[in-house]
Amino acid sequence: VNSDPVYVGTEDYGYGALPGIGSSYNAFRVSSAYTGRRPMLYVGANDGILHGFDANSTATGGQEVFAYIPNALFPKLSKLTSPAYVHQYYADGMSAAGDVYYDSEWRTLLAGSTGAGGRAVCTLDVTNPDAFGPRSVLWEFTNTDDADLGYTLAQQAVVRMQNGDWAVIVANGYNSDNGHAVLFVLDANTGTVLKKIDTGVGDTANKNGLSSPVAVDTNNDHGVDT
């Protein structure tokens with residue numbers, strides 16, 4: 001319902017201008033594995049699945065390449081078979097993609113969320129969608145990790161920070177346990193909380209929450225300033 005499709009092709013994020021690692025980014029982008037990789041469309045659905053579809057305009061276009069069910073949704077899946085089923089949200093969140101550098105490698109990550117279906121976000125390695133497997137699931141971050149995470153309707157941002165860290169910026173969404181408006185900065189590789197900004201606005205009686213953050217590079221150094 002709310003999970004807009006996200007296209008992932010071979011976008012140049014400009015990291016070739018970075019000192020030290022820029023040349024490796026340029027090499028990554030001209031490699032045959034990158035230039036020849038399958039373009040993809042990623043979208044969540046109310047079957048509880050984040051789907052990856054072939055985005056080619058050829059005969060393969062529209063075919064599903066892989067599907068991923070966030071762990072946080074497994075307890076809800078049996079309800080889909082109930083004769084008394086009424087509509088529920090499942091994989092209802094928006095996704096975002098970006099290139100990152102860690103473990104001496106460039107990779108393309110997809111940051112997804114469950115939206116109205118649950119209080120969870122996840123990050124997948126989609127560098128090579130045809131080789132997607134268990135190791136491609138990097139991490140999930142849920143309200144069991146931090147009670148300030150609500151229903152994650154907001155779109156995340158995959159970014160490079162000013163200190164060189166690669167991060168996924170996550171707004172906490174709505175109806176969290178504490179009702180505060182909170183911003184999380186999570187390590188792109190591990191999901192570890194690098195920074196948690198609690199505005200302190202909202203409480204259990206009058207709940208607040210943050211919607212999609214916009215990460216801005218004001219001086220064109222390919223790192224987030226604001």
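It should be noted that the structure appears before, not after, this text.
Everything in this summary refers to the structure shown in the same document. Note that the coordinates shown come from a computational prediction; the quantities given were computed from them, not determined experimentally.

The subject of this paragraph is the layout of surface pockets. For the largest pocket, the calculated volume is near 260 Å³. Residue lining of the largest pocket: 14 residues in total, with Tyr13, Tyr15, Val158, Val159 and Arg160 positioned closest to the centre. Residue assignment for the lining of the largest pocket shows that the elements contributing at least two residues are strand S5 (96–102) and strand S9 (157–160). Sorting elements by how many residues they give to the lining of the largest pocket places S9 first, with 4 residues. Considered class by class, the residues forming the lining of the largest pocket number 9 nonpolar, 2 polar and 3 charged. A volume near 190 Å³ is recorded for the second largest pocket. Around the second largest pocket, the lining residues are Met161, Ile169, Leu183, Val185, Leu194, Lys195, Pro213, Val214, Ala215, Val224 and Thr226. Where the lining of the second largest pocket is concerned, the elements lending two or more residues are strand S11 (182–187) and strand S12 (193–198). Of the residues in the lining of the second largest pocket, the class split is 9 nonpolar, 1 polar and 1 charged.

Across the sheet, which stays open at both edges, the 4 strands sit in the order S9-S10-S11-S12 with antiparallel pairing between neighbours. If you trace the sheet from one side to the other, it starts and ends with S9 and S12, each paired once. Here the strands of the sheet are splayed against their neighbours by 20° on average, with no regard to which way each runs. Two elements, strand S10 (residues 166–171) and S11, share 5 bridges in a ladder whose sense is antiparallel. Among the inter-strand pairings, Val170 is bridged to a residue of S11, identified as Phe184.

Conventions adopted
- Residues numbered from 1 in each chain as written.
- Predicted model: local features only at pLDDT ≥ 70, side-chain atom pairs only at ≥ 80, totals over all residues.
- Heavy atoms only, no water.
- 1 Å grid on protein atoms, 1.4 Å probe; cavity = no way out; pocket = protein on both sides within 12 Å on 5 of 7 lines; lining within 4 Å.
- Points joined across faces, edges and corners; volume = space filled by probe spheres on them.
- Helix = DSSP H or I, 4+ residues; strand = E, 2+ residues; numbered from the N terminus.
- Nonpolar A, V, L, I, M, F, W, Y, C, P; charged D, E, K, R; others polar.
- Pairing = 2+ DSSP bridges.
- Axes fitted to C-alpha atoms, helices over the stretch in contact; angles between N-to-C directions.

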